[in-house]
Number of protein chains: 2
Amino acid sequence: MHFASPLALQSGARLAGYDLTYETYGTLNAAKSNAVLVCHALNASHHVAGVYEGQDKSEGWWDNMIGPGKPVDTNRFFVIGVNNLGSCFGSTGPMHVNPETGRVYGADFPVVTVEDWVNAQALLLDALGIEVLAAVMGGSLGGMQALSWTLQFPERVRHAVVVASAPNLTAENIAFNEVARRAIATDPDFHGGHFYQHGVVPKRGLRIARMVGHITYLSDDVMNEKFGRQLKNGIDLSYTTQDVEFQIESYLRYQGDKFAEYFDANTYLLITRALDYFDPARAYGGNLSQALARATARFLLVSFTTDWRFAPARSREIVKALLDNRRDVAYAQIDAPHGHDAFLLDDARYMNLVRSYFNSCLSNESLGS
Amino acid sequence: MHFASPLALQSGARLAGYDLTYETYGTLNAAKSNAVLVCHALNASHHVAGVYEGQDKSEGWWDNMIGPGKPVDTNRFFVIGVNNLGSCFGSTGPMHVNPETGRVYGADFPVVTVEDWVNAQALLLDALGIEVLAAVMGGSLGGMQALSWTLQFPERVRHAVVVASAPNLTAENIAFNEVARRAIATDPDFHGGHFYQHGVVPKRGLRIARMVGHITYLSDDVMNEKFGRQLKNGIDLSYTTQDVEFQIESYLRYQGDKFAEYFDANTYLLITRALDYFDPARAYGGNLSQALARATARFLLVSFTTDWRFAPARSREIVKALLDNRRDVAYAQIDAPHGHDAFLLDDARYMNLVRSYFNSCLSNESLGS
């Protein structure tokens, strides 16, 4: 969907005009009361569920969660996935032409924040004629957007489902983002963010960024279980410094190579910065309880025991701040081995929890049945 | 000290001849029974204590631990620090000329292992006329060398002090090493490890490697305490993707820049591989108790609660394996906030523990007093 009116951004900059790429699943009911907005994290997109015709491997990134008969049942809910501004899957981003200059944005694409994304998502809902969401949901950075929805548009959100998220990043989280950014920005093929016109891609930097990211998505336990100290070619130690020898190395290199083929370097910088900046309590001197006072939605928060990127304690900070405001909060800490990645994986307790939340808490009020 | 005889390495390769750079502190007694060998970790050297004349800032890396009147008291013990083969602080390494080819080794420097280092250290002790060590000690990778001493030369070690170490690396540890190695090896200035002849240094890669390393040396807690989410220039958010904005970023970039000025890229590859390979239990099908059966030394093991790189549980694996063999083991887990770095920092309980171990356990037998 094209938006011709300029969008004022939190940084003070503005986007002259922009497109938002989105997908919908299911049917909006007559009362327009069954809409669920799904917000994506770093490297995902609007394509949250289903497969594209003739493309077997095009499964949406939350396809186990969303679809007909699934925990978020598209037979009953109208689900919307939207690609965020600055991303690289269709919505206006760094690889597009700036209508005001006629040149590709590149590194000049304005910095976007979680709040900016939520503002843009709200304008999309306006265009779709949806005043109030049955729910907004997301994991990780997507959960930050869901939380921000309840603060920016409290009257437009009935439920917020915030999974494996945090009220802000820790210094360690920022540090890992910074390593990834430096790997990209110091790659000679980055050309200060204007690599498009040089016909190159800073793949070295993207690979390193992805490898670092991937380590933080997994738990130490699951890494040991999946890869351990297994050597790629059995016990014949070849003793080299640069070749792949352990399975974990092979896996990380593969992940890095794959990522560098499709992801945009400027998008990586933009999205990790949005993560760094998000901090609704900043304006309240760090007092999260005060910051969340304006939220009126009902909440489901979910965390995973082995998630060390967004540890359960970070979710509990949100829970506590909401309870301080006597809000309606359900919280589950799932004992899962998979680290941060658990929010994307099948776990019967997790799936059943979301299913039952949507069935019992949302369905009656949203669907009028 | 120059060694003219070739050294056979674990990989099957050999070093035709080599130098070992070392320092000693204190005086070897007549019985040659008061020698303490201190093994260094990734980026340290033979210079474990004291300052060089006229160079105020040349403090040894374990100067708080070792010196006159310090926990390892050089008024009583004869302390030896030795730079490991393949390192870049004087002992033969990748930046030196291969006597067999007349060319700088570069990436052709043979892979060295913890076992190789211990063999070379033993030859240095032979040359110094020291048959039996009062103690071998080290932290992190240095602790692995101390442990390996007790297996390779059980009759030559009376005590082993193994601090913040592990019986091998986890998949996550290897993964972080691999990210650092890839950052170095894919830096265009690396030139396949032969950058010396191109007159360049792969500084981009070294910076990233050091930044990744540094994150893993610190605890999440201490990072939050030292840097938190503090912005470098106060609360005036400038919203950029590439500039330094948070204090933690500034700190990491500084550490990376400093490191890239003095550390050798090939050494980084070699030493991280030595870390990856170390695994005394491998030859025993993963059974550490069997692997440690040959150790006859008495042990002090120390770990730190917030060390997530070499977590206390890893030290306890060693303790358990030694106890399975009814060895004499003291173990302390220090409740310190500083993560892996704690092994280098002042902590009264830690310092007093080592002091009392050396005073009560070593002094009488070693010094005959």
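In the block above lies the structure referred to throughout.
On a predicted model such as this, the values are computed, not experimentally measured, just so you know.

Let us now look at the relation of the copies chain A and chain B. Mapping chain A onto chain B calls for a rotation angle of 180 degrees and an axial translation of 0.0 Å; the resulting RMSD is 0.0 Å. Considering both components of the superposition, the chain copies are consistent with a two-fold axis. Interface residue correspondence from chain A to chain B reaches 100%, placing this contact among same-surface, isologous pairings.

Attention now goes to unusual backbone geometry. One non-glycine residue, Lys32 of chain A, adopts positive backbone phi at about 50 degrees. Inspection of the secondary structure assignment puts Lys32 of chain A in the loop between strand S5 (22-25) and strand S6 (35-39). A relative accessible area of 36% means that Lys32 of chain A is categorised as partly exposed. The backbone phi angle of His191 of chain B is positive, close to 50 degrees, even though this residue is not glycine. If you trace the backbone, His191 of chain B turns up in the loop between helix H3 (171-185) and helix H4 (203-217).

Residues and elements named next belong to chain A. Overall, mixed pairing links the 7 strands, which are arranged S5-S9-S6-S10-S11-S12-S13 in an open sheet. Because the sheet does not close on itself, it has two edges, and the strands there are S5 and strand S13 (329-334). For this sheet, the mean inter-axis angle between neighbouring strands, taken without regard to orientation, is 15 degrees. Judged from the 4 bridges that link them, S5 and strand S9 (residues 78-82) form a sheet pairing that is antiparallel. Residue pairing in the sheet places Tyr22 in a bridge with Val82 of S9.

Next up on the list: the sheet that holds strand S12 (residues 298-304) of chain B. Residues and elements named next belong to chain B. Taken together, 7 strands build an open sheet; the order of strands is S5-S9-S6-S10-S11-S12-S13 and the sheet is mixed. The outermost strands of the open sheet, each flanked by one partner alone, are strand S5 (22-25) and strand S13 (329-334). Each strand axis lies, on average, 15 degrees off the axis of its neighbour in the sheet, ignoring direction. The pairing of strand S6 (residues 35-39) with strand S9 (residues 78-82) spans 4 bridges and is parallel. Bridge pairing in S9 links Leu37 to Ile80. This element, helix H1 (residues 114-128), spans S5, S6, S9 and strand S10 (133-139) of the sheet and lies at about 135 degrees to S9.

With that settled, consider the packing of helix H3 (residues 171-185) of chain A against helix H7 (residues 265-277) of chain A. Residues and elements named next belong to chain A. It is the contact of H3 with H7, at a shortest axis distance of 10 Å, that shows an interaxial angle of 160 degrees. Judged on the interaxial angle alone, H7 and H3 are roughly antiparallel. Read as a crossing pair, H3 and H7 show a hand that is left-handed. Contact with H3, carried on its side by Ile174, Asn177, Ala180, Arg181 and Ile184, involves Ala265, Tyr268, Leu269, Thr272, Arg273, Leu275 and Asp276 of H7 and no other residues of that element. A per-class count over the contact of H3 with H7 returns 7 nonpolar, 2 polar and 3 charged.

A separate point is the pattern of salt bridges. Two side chains that carry opposite charge are able to pair once their charged atoms sit near each other. Under the defined criterion, the tally for this structure stands at 38 salt bridges over all chains. In this structure, Arg204 of chain A engages Asp189 of chain A in a salt bridge whose closest nitrogen and oxygen atoms are separated by 3.4 Å. Note that Arg204 of chain A is positioned in helix H4 (residues 203-217) and Asp189 of chain A in the loop between H3 and H4, a separation of 15 residues in sequence. The exposure class assigned to Asp189 of chain A is partly exposed, which follows from its relative accessible area of 22%. In this structure, the salt-bridge partner of Arg229 of chain B is Asp279 of chain A, at a minimum N-O distance of 3.1 Å. Of the two residues, Arg229 of chain B is situated in the loop between helix H5 (220-226) and helix H6 (247-262) and Asp279 of chain A in the loop between H7 and helix H8 (288-291); the pairing between them involves two chains. Look at the salt bridges and you will find they share partners, linking Glu178, Arg181, Arg273 and Asp276 of chain A together with Glu245, Glu249 and Arg253 of chain B into a network.

The subject of this paragraph is the packing of H4 of chain A against helix H6 (residues 247-262) of chain A. All names here are of chain A. At their nearest, the axes of H4 and H6 sit 8 Å apart, and the two run at 130 degrees to each other. As far as their axial angle goes, H6 and H4 are oblique. Where H4 crosses over H6, the handedness of that crossing is right-handed. Between H4, through Lys203, Leu206, Arg207, Arg210, Met211, His214 and Ile215, and H6, the contact on the second element is made entirely by Tyr251, Leu252, Arg253, Gln255, Gly256, Asp257, Phe259, Ala260 and Glu261. A per-class count over the contact of H4 with H6 returns 7 nonpolar, 3 polar and 6 charged.

Basis of the calculations
- Residues numbered from 1 in each chain as written.
- Chains lettered and ligands numbered in written order.
- Predicted model: local features only at pLDDT ≥ 70, side-chain atom pairs only at ≥ 80, totals over all residues.
- Heavy atoms only, no water.
- Least-squares fit on C-alpha atoms with pLDDT ≥ 70 in both.
- Contact = heavy atoms within 4.5 Å.
- Helix = DSSP H or I, 4+ residues; strand = E, 2+ residues; numbered from the N terminus.
- Buried < 20%, exposed > 50% of the residue type's maximum accessible area, 1.4 Å probe, protein only.
- Pairing = 2+ DSSP bridges.
- Axes fitted to C-alpha atoms, helices over the stretch in contact; angles between N-to-C directions.
- Parallel < 35°, antiparallel > 145°, perpendicular 65-115°, else oblique.
- Left-handed = near helix turned anticlockwise from the far one by under 90°.
- Nonpolar A, V, L, I, M, F, W, Y, C, P; charged D, E, K, R; others polar.
- Salt bridge = Lys/Arg side-chain N within 4 Å of Asp/Glu carboxyl O.

These values are about where atoms sit, not about what they do.
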